[in-house]
Amino acid sequence: MHEFGLGEEVVKTVLEEMKRISPPPHRLLSARIVVGAQHRIVPDHMRFIYEVLTRDTLAAGSSLEVSVLPSTALCPDCGWQGLMDESVLLCPGCDTGNLRTLHGMELFLDRLEVEYRDTSDSE
Amino acid sequence: MTQVTRSEIKVYRDLMGANAEWAGRSRQMLERLGIVMINLIGSPGSGKTTLLERTIERLRGCLRIAVLEGDIETTCDAERLNALGVPVSQLLTGGGCHLEAKMIHHALCDLPLSELEMVIVENVGNLVCPAEFDIGELTKVAVLSVTEGEDKPLKYPLLFHEARAVVMTKTDLLPHIPYHLALCLDNLKRVNGTIPVFQISAVTGTGFDAWIDWLNGLSA
């Protein structure tokens, strides 16, 4: 259910971007999204939803690559900076809970890979 | 002869871009009008609507409030709140598990905004997706009942990290259930070190004063 809402945004964005490609490609091979670990996306689940939602669209048959970025944070109290355990937002340096997220909230469509077919009679 | 070529197109586009744009539009509009919007998020049955009823009864004398009521189906909650004499607008997501910024923006525009100081949005009962979607609110408030278990802040850290306050409901049940309040408070601290927690009971009225003061403070 969580992936479904985000999956709808992914497919909507992919289809919009496809329409902007000039010249129009023959088909979409793959789309790649970058997701921060704090979104707690299950890549397999996301790929399944993508497959279902792209049926009968311009993106049908394409695959979805999900690249997960680890969470990093900075502690304003003690200056600790590093990889963060997503479920426990407690500073490993000083044990306070004021960590500021540096990475891990990203959510963007990174790239599309398309195929062109040039059919010509010339030898 | 058919020649097949592959091409890679860099997009680098924010997937929440459209939602963020609508949220920004609402936020600007509300700021201009001096209206505070609160996004109430909690699981189904955590007591969000009852909390709203008791909150509105206490606030309506001093603050002009409207409610946007998000549900997947039915208008029961809106009917309950309508009885309190404040403007209520029901948003049905028709299966969607959260409210989105565009929906909220249109609903806001249908409210008598010039007569309001506060809009409280009751999001769809869910601890996951509503935390992901900015709807243009000033602050998210998490509603957590004592019957849900002490581990919820750790299981759904994003909400409790994003929220600016937690309302802990149904505290009148504490003497009757094996619930470790201190453990839950510690877990909340682990995901959000500075978050204020209002322990309330809609049955006895306990704890409402501090919560109402906090809400009034947002609007001041």
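Preceding this paragraph is the structure being described.
What comes next is a walk through the structure. (Residues numbered from 1 in each chain as written. Chains lettered and ligands numbered in written order. Predicted model: local features only at pLDDT ≥ 70, side-chain atom pairs only at ≥ 80, totals over all residues. Heavy atoms only, no water.)

**Some words on the overall build of chain A**
Okay, so step 1: The number of helices and strands found in chain A is two helices and six strands.
Okay, so step 2: For chain A, the succession of helices and strands along the chain, N to C, is α-β-α-β-β-β-β-β.
Okay, so step 3: Expected size for 123 residues packed as a compact globule is a radius of gyration near 14 Å; at 19 Å, chain A overshoots this value by more than 25%.
Okay, so step 4: Expressed as lengths along the three principal axes of its C-alpha atoms, the size of chain A is roughly 70 × 30 × 20 Å.
Okay, so step 5: Long-range contacts, defined here as pairs at least 24 residues apart, represent 72% of the contacts in chain A between residues at least 6 apart.
Okay, so step 6: Total accessible area computed for chain A in this model is approximately 6,300 Å², and 51% of it derives from carbon and sulfur atoms.
Okay, so step 7: Taken together, the 11 basic and 20 acidic charged side chains of chain A have centroids lying 2 Å from each other. (Helix = DSSP H or I, 4+ residues; strand = E, 2+ residues; numbered from the N terminus. Rg over C-alpha atoms; globule rule 2.2 N^0.38 Å. Contact = heavy atoms within 4.5 Å. Areas by Shrake-Rupley, 256 points an atom, 1.4 Å probe, with all protein chains shown as cover. Lys, Arg positive; Asp, Glu negative; His and termini not counted. Charge placed at Lys NZ, Arg CZ, Asp CG, Glu CD.)

**As for the layout of surface pockets**
Okay, so step 1: In this structure, the largest pocket encloses a volume near 230 Å³.
Okay, so step 2: Forming the walls of the largest pocket are 14 residues, and the residues nearest its centre are A:Met105, B:Met16, B:Glu132, B:Phe133 and B:Asp134.
Okay, so step 3: Residue assignment for the lining of the largest pocket shows that the elements contributing at least two residues are helix H1 (17-33) and helix H5 (129-132) of chain B.
Okay, so step 4: Tallied by class, residues from the lining of the largest pocket come to six nonpolar, two polar and six charged. (1 Å grid on protein atoms, 1.4 Å probe; cavity = no way out; pocket = protein on both sides within 12 Å on 5 of 7 lines; lining within 4 Å. Points joined across faces, edges and corners; volume = space filled by probe spheres on them. Nonpolar A, V, L, I, M, F, W, Y, C, P; charged D, E, K, R; others polar.)

**Quick notes on the interface of chain A and chain B**
Okay, so step 1: Counting residues at the interface gives 40 residues for chain A, matched by 35 residues for chain B.
Okay, so step 2: Notably, a salt bridge pairs A:Arg111 with B:Glu8, separated by 3.6 Å at the nearest N-O pair.
Okay, so step 3: Counting every contact that joins chain A to chain B gives 15 residue pairs in polar contact (both at pLDDT 80 or more).
Okay, so step 4: Going through the elements one at a time, helix H1 (2-19), strand S1 (27-36) and strand S6 (107-119) of chain A are the ones with two or more residues in the side of chain A that touches chain B.
Okay, so step 5: No other element matches S6(A), which puts 13 residues into the side of chain A that touches chain B.
Okay, so step 6: Here the side of chain A that touches chain B is built from residues that sort into 17 nonpolar, eleven polar and twelve charged.
Okay, so step 7: Note that S6(A) and strand S1 (residues 2-14) of chain B share eleven bridges and pair antiparallel. Across the sheet, A:Leu112 pairs through a bridge with B:Ile9, a residue of S1(B). (Salt bridge = Lys/Arg side-chain N within 4 Å of Asp/Glu carboxyl O. Polar contact = N/O pair within 3.5 Å; in protein donor to acceptor, adjacent residues only side chain to side chain. Pairing = 2+ DSSP bridges.)

**Quick look at the packing of aromatic side chains**
All names here are of chain B.
Okay, so step 1: What the rule picks out here adds up to four aromatic pairs over all chains.
Okay, so step 2: For the pair Phe 198 and Trp 211, a centre-to-centre distance of 5.8 Å together with 55° between the ring planes defines the contact as tilted. Taken together, the residues span a long stretch of sequence, with Phe 198 in strand S8 (residues 197-199) and Trp 211 in helix H9 (residues 208-219) at a distance of 13 residues.
Okay, so step 3: By relative accessible area, which is 9% here, Phe 198 ends up buried.
Okay, so step 4: Taken together, the ring pairs connect Phe 198, Trp 211 and Trp 214 into an aromatic cluster.
Okay, so step 5: One Lys or Arg, Arg 25, reaches over the ring of Trp 22 and ends 4.3 Å from the middle of that ring. (Phe/Tyr/Trp six-rings, centres within 6.5 Å; stacked < 30°, edge-to-face > 60°. Buried < 20%, exposed > 50% of the residue type's maximum accessible area, 1.4 Å probe, protein only. Lys NZ or Arg CZ within 6 Å of the ring centre and 35° of its normal.)

**Re unusual backbone geometry**
Okay, so step 1: The residue after A:Ser22, namely A:Pro23, is reached through a cis peptide bond having omega -5°.
Okay, so step 2: As for its position among the elements, A:Pro23 is in the loop between H1 and S1.
Okay, so step 3: The backbone phi angle of A:Arg40 is positive, close to 50°, even though this residue is not glycine.
Okay, so step 4: Among the structural elements, A:Arg40 can be located in the loop between S1 and helix H2 (43-54).
Okay, so step 5: Of note in the backbone geometry, B:Thr74 takes a positive phi value of approximately 70° without being a glycine.

**Re the nonpolar core**
Okay, so step 1: Ranked by size, the top nonpolar core spans 27 residues in total, and within it B:Leu51, B:Ile56, B:Met118, B:Val141, B:Trp211, B:Trp214 and B:Leu215 carry the most contacts.
Okay, so step 2: Listing elements by their share of this core, those giving two or more residues are strand S2 (36-42), helix H2 (48-59), strand S3 (65-71), strand S5 (118-122), strand S6 (139-145), strand S7 (165-169) and H9 of chain B.
Okay, so step 3: The element best represented in this core is H9(B), accounting for six residues.
Okay, so step 4: The next biggest cluster of nonpolar side chains, apart from the first, holds 26 residues, and it includes A:Val14, A:Met46, A:Leu112 and B:Leu15. (Core = buried A, V, L, I, M, F, W, Y, C linked by side-chain atoms within 4.5 Å.)

**Let's talk about the pairing of S6(B)**
Residues and elements named next belong to chain B.
Okay, so step 1: Counting buried positions over the seven residues of S6 gives seven, a clear majority of the element.
Okay, so step 2: Along S6, one buried face is formed by Thr 139, Val 141, Val 143 and Ser 145 and the opposite face, lined by Lys 140, Ala 142 and Leu 144, is buried too.
Okay, so step 3: By the bridge criterion, five bridges tie S2 to S6 in an arrangement that is parallel. For Ile 41, the partnering residue across the bridge sits in S6 and is Ala 142.

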